[in-house]
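# Observations on the model geometry
So you can see what is in the structure, the chains are spelled out below.
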Amino acid sequence: MTVNLEVAEGVGTLRLDRPPMNALDIATQDRLKELAEEATRRDDVRAVVIYGGEKVFAAGADIKEMQAMDHTAMVLRARALQDSFTAVARIPKPVVAAVTGYALGGGCELALCADYRIAADNAKLGQPEILLGLIPGAGGTQRLSRLIGPSKAKDLIFTGRMVKADEARELGLVDRVVAPDQVYAEAHAWAAKLAQGPAIALRAAKESIDTGLETDIETGLAVERNWFAGLFATEDRERGMRSFVEEGPGKAKFL
């Protein structure tokens, strides 16, 4: 399989496995969607790491496969392409991308689907589609501009240039930069900590933030308000408040 889901201690790792560069061909896209939906359904998956291995995250689409496609073929495929990435973005649990080596084109777009990004200090990220006479087609024009702002996103997309990890952090494209051999461990630790948290409240927080970014503030506030009130019906809220009153902050156990 070109993508695998490995689960341990509440953390599901979506591992890309299509050597040598984890090119995201159609089969890989479809498999990614399938496993993202599985991670969404499974109660034993409480947080997710997206990982491409020690050497490369994903160097982009399979260009040879795309070159053979005409306009009609891509009209029929484009929605499925986006849907595979959206399935990752819509996982209602904390998701972290562990970025090593290249994350270009579709690889960068996949990293954008995560809630948090930890990159190796030798990582290189970018949206080089313009150099092929194309634009990003798996969400890059939308997610990148929402993450780092329109002018910075336009610079990367218009030029197609790659950015190294330090610049990516300055732009806000990645959140942390660590040594290459620490990327997965750091990402897993981030996910494992959140896997111990209140699952429904984490889902509420993610949905409220993401919905707010996609709509007007009044709609976003309504989503937040409904989730906030609804959480008062959960056992986790009772446990969290009781622990706070009896033991002080930060000591509640939600599992």
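Presented here is an overview of the structure given in this document.

About the thresholds
- Residues numbered from 1 in each chain as written.
- Predicted model: local features only at pLDDT ≥ 70, side-chain atom pairs only at ≥ 80, totals over all residues.
- Heavy atoms only, no water.
- Axes fitted to C-alpha atoms, helices over the stretch in contact; angles between N-to-C directions.
- Helix = DSSP H or I, 4+ residues; strand = E, 2+ residues; numbered from the N terminus.
- Parallel < 35°, antiparallel > 145°, perpendicular 65-115°, else oblique.
- Left-handed = near helix turned anticlockwise from the far one by under 90°.
- Contact = heavy atoms within 4.5 Å.
- Nonpolar A, V, L, I, M, F, W, Y, C, P; charged D, E, K, R; others polar.
- Salt bridge = Lys/Arg side-chain N within 4 Å of Asp/Glu carboxyl O.
- Buried < 20%, exposed > 50% of the residue type's maximum accessible area, 1.4 Å probe, protein only.
- Phe/Tyr/Trp six-rings, centres within 6.5 Å; stacked < 30°, edge-to-face > 60°.
- 1 Å grid on protein atoms, 1.4 Å probe; cavity = no way out; pocket = protein on both sides within 12 Å on 5 of 7 lines; lining within 4 Å.
- Points joined across faces, edges and corners; volume = space filled by probe spheres on them.

### With respect to the packing of helix 5 (residues 140-148) against helix 6 (residues 150-159)
In a packed pair of helices, the relevant descriptors are the angle between the two axes and the axis-to-axis distance. Close contact between helix 5 and helix 6 brings their axes to 7 Å; oriented N to C, the two are set at 135°. Between helix 5 and helix 6, the angle is such that the two are oblique. Regarding helix 5 and helix 6, the two cross each other, and that crossing is right-handed. Where helix 5 abuts helix 6, its residues Gly140, Thr141, Leu144, Ser145 and Ile148 lie against Pro150, Lys152, Ala153, Leu156 and Ile157. The residue makeup of the contact of helix 5 with helix 6, split by class, is 6 nonpolar, 3 polar and 1 charged.

### Re the environment of Leu76
Among the structural elements, Leu76 can be located in helix 3 (residues 71-89). The spacing of Leu76 and Asp166 is 90 residues in sequence and 38 Å in space, taken between C-alpha atoms.

### Details of the pattern of salt bridges
Any two side chains of opposite charge can pair, on the condition that their charged atoms come close. Per the stated rule, a full pass over the model turns up 15 salt bridges. Note that Arg42 is salt-bridged to Asp44, the shortest N-O span being 2.8 Å. Here Asp44 falls in the partly exposed class, since its relative accessible area comes to 38%. By sharing partners, the salt bridges in this structure join Arg18, Asp25 and Asp62 into a single network.

### A few points about the packing of aromatic side chains
Scanning the entire structure with this criterion turns up 3 aromatic pairs. Taking the centre distance of 4.7 Å and the plane angle of 40° together, the rings of Tyr51 and Tyr184 count as tilted. Highlighted residues: Tyr51 in strand 3 (residues 47-51) and Tyr184 in helix 8 (residues 183-195), separated in sequence by 133 residues. Given a relative accessible area of 10%, Tyr51 falls into the buried group.

### Regarding the layout of surface pockets
Sizing a probe to match a water molecule and rolling it over the atoms shows the empty space that remains. In this structure, the largest pocket encloses a volume near 800 Å³. In this structure, the largest pocket is lined by 29 residues; those nearest its centre are Ala89, Leu112, Arg143, Asp210 and Glu214. Taken together, the elements giving at least two residues each to the lining of the largest pocket come down to helix 3, helix 5 and helix 9 (199-214). The element that contributes the greatest number of residues to the lining of the largest pocket is helix 9, accounting for 7 residues. Each residue belonging to the lining of the largest pocket can be placed in one class, and the counts come to 13 nonpolar, 7 polar and 9 charged. Of the pockets and cavities examined, the second largest pocket occupies roughly 570 Å³. Along the walls of the second largest pocket sit 30 residues, with Ala61, Met66, Leu81, Glu129 and Leu134 positioned nearest its centre. For the lining of the second largest pocket, the secondary structure elements donating two or more residues are helix 1 (26-41), helix 2 (63-67), helix 3 and helix 4 (106-112). If you tally residues by element for the lining of the second largest pocket, the top one is helix 3, at 6 residues. Residue classes in the lining of the second largest pocket are distributed as 18 nonpolar, 6 polar and 6 charged.

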